[in-house]
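# Architecture and fold: a report
This is what each chain is made of:
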Amino acid sequence: TYAQIYAEALRLMFATLSDDIGDTAEGMAGLVGHVNYRDYMLSMPGAVNRCFADLEAKKVLPWKTARVGSEDGDKVSGGYRRVLLSEIAPDCFEIERVTQRQEYGNEAELTAGEDYFIEGDELILIPGATVIRYTPALPRIDAGTDLDGKVPLPEVLAAVVPYYVKGELYRREEPGEAAEAHSIYEQRVAQVYPAPSRVQTTVKMVYGF
């Protein structure tokens, strides 16, 4: 949960921590007014959001999948079809692969700028049943986020977020520890999802074949 990430980040920052930090929304609420933690607690959402942006940019999130039927979308000039990304993949950060079903169940990968085009929110495709694989965007948090809510990350990636948070919050007062925490974060992200291992984990049926 978000509260567990917050609590672990504080534990990493205060190695000799004597206060009992509960890793729930209630426990975190009790720290907001604490003189030792208030500034860190107020900075937590921004640090977590920057980590989410970094994970998106690194393309280490498991891909998700959306499907478009062969007759779906609006016809446009040249025989292409047009579908809206906000409808077929509202959480899309960036499209990674686009394929179409061929004879005997095989899939052929389409070429960007030739078989398909992205224009703003529009995906323009050659006709055919299409599979879109994409890196998802992560929802951002703020002071009103339920900290008992689950973080939308695989557990192995969620476990590295506290290191990034520590690096962000300690940047000025403990630059050495901040740099070490960021280094651990980078190493563990690279170990968890090396580039060749990225695959999609969720299939979203938007339109039927």
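Residues numbered from 1 in each chain as written. Predicted model: local features only at pLDDT ≥ 70, side-chain atom pairs only at ≥ 80, totals over all residues. Heavy atoms only, no water.

Let us now look at the sheet that holds strand β6 (residues 116–119). Within a beta sheet, neighbouring strands are joined by backbone hydrogen bonds and run either parallel or antiparallel to one another. Spatial ordering of the open sheet is given by β2-β3-β7-β6, a layout of four strands whose pairing is antiparallel. Both edges of this open sheet fall to β2 (74–75) and β6, since each of them pairs with a single strand only. Two elements, strand β3 (residues 81–84) and strand β7 (residues 122–125), share four bridges in a ladder whose sense is antiparallel. The partner of Leu-84 across the bridge, within β7, is Glu-122. (Pairing = 2+ DSSP bridges. Helix = DSSP H or I, 4+ residues; strand = E, 2+ residues; numbered from the N terminus.)

Take the side chain of Asp-115 next. Summarising the element assignment, Asp-115 is placed in the loop between β5 (107–109) and β6. Salt bridges are absent for the buried Asp-115, whose nearest opposite-charge side chain, Arg-81, sits at 11 Å. (Buried < 20%, exposed > 50% of the residue type's maximum accessible area, 1.4 Å probe, protein only. Lys, Arg positive; Asp, Glu negative; His and termini not counted. Salt bridge = Lys/Arg side-chain N within 4 Å of Asp/Glu carboxyl O.)

A word on the pairing of β3. Burial along β3 is one-sided: Arg-81 and Val-83 are buried, while Arg-82 and Leu-84, pointing the other way, are not. Where β2 lies against β3, two bridges are found, and the strand directions are antiparallel. Directly across from Asp-74, in β3, lies its bridge partner Arg-82. With antiparallel pairing between neighbouring strands as the criterion, β2 and β3 make up a hairpin whose turn holds five residues, including Gly-78 at a positive phi of roughly 80°.

Every α-helix carries 3.6 residues per turn, so stepping three or four residues along brings you back to the same face. Between its first and last C-alpha atoms helix α7 (residues 175–192) spans 26 Å; for 18 residues at 1.5 Å apiece the expected length is 26 Å, and the two agree. Of all the positions in α7, only Ala-178, Ala-181, His-182, Tyr-185 and Val-189 are classed as buried. One side of α7 holds all its buried residues, which, seen down the axis, span an arc of 100°. Opposite the buried face of α7, at more than 90 degrees from it, the exposed residues are Gly-176, Glu-180 and Gln-191. Packed against the buried residues of α7 are α3 (38–58) and α6 (161–169). (Expected span 1.5 Å × (residues − 1). Arc of directions from axis to C-beta. Contact = heavy atoms within 4.5 Å.)

Considering all chains together, one arrives at 13 salt bridges under this definition. Across the salt bridge formed by Glu-96 and Lys-59, the nearest N and O atoms sit 3.2 Å from each other. One end of the pair, Glu-96, is in strand β4 (residues 92–101); the other, Lys-59, is in the loop between α3 and β1 (63–68), with 37 residues separating them in the sequence. As far as burial versus exposure is concerned, Glu-96 and Lys-59 are alike and both buried. Residue Arg-133 is joined to Glu-107 by a salt bridge in which the shortest nitrogen-to-oxygen separation is 3.4 Å. Note that Arg-133 is positioned in strand β8 (residues 130–136) and Glu-107 in strand β5, a separation of 26 residues in sequence.

In this structure, Tyr-6, Leu-10, Met-28, Leu-55, Leu-153, Val-165 and Tyr-185 are the most contacted members of the largest nonpolar core, which totals 39 residues. Listed in part, the 14 residues of the second largest apolar core include Ala-89, Ile-95, Leu-123 and Tyr-134. (Core = buried A, V, L, I, M, F, W, Y, C linked by side-chain atoms within 4.5 Å.)

All told, the structure shown has five aromatic pairs when counted by the stated rule. Between the aromatic rings of Phe-14 and Tyr-40, the centroid separation amounts to 5.6 Å while the plane-to-plane angle is 75°, which identifies the pairing as edge-to-face. A residue pair is termed long-range when its members are at least 10 positions apart, and Phe-14 in the loop between α1 (2–13) and α2 (25–32) and Tyr-40 in helix α3 qualify at 26 residues. (Phe/Tyr/Trp six-rings, centres within 6.5 Å; stacked < 30°, edge-to-face > 60°.)

Looking now at the confidence of the model for the chain. Low pLDDT means the predicted atomic positions in that stretch should not be read closely. Per-chain confidence: the chain averages 88 in pLDDT, with 89% of residues scoring 70 or above. When mean pLDDT is taken per element in the chain, α6 scores highest with 97 and strand β9 (residues 200–205) scores lowest with 45. Confidence drops under a pLDDT of 50 for residues 196–209, and excluding neighbours within four residues, the segment shows 43 contacts in the predicted structure. (pLDDT = per-residue confidence, 0-100.)

What follows covers the environment of Ala-190. Note on placement: Ala-190 falls in helix α7. When its relative accessible area of 47% is taken as the criterion, Ala-190 is described as partly exposed. For the pair formed by Ala-190 and Val-60, sequence separation is 130 residues and the distance between their alpha carbons is 8.4 Å.

Okay, the environment of Ala-9 next. If you trace the backbone, Ala-9 turns up in helix α1. Overall, the relative accessible area of 0% leaves Ala-9 in the buried class. Placed 153 residues apart in sequence, Ala-9 and Pro-162 show a C-alpha to C-alpha distance of 4.4 Å. Among all residues touching Ala-9, those that are not within four sequence positions of it are Met-44, Pro-162 and Val-165.

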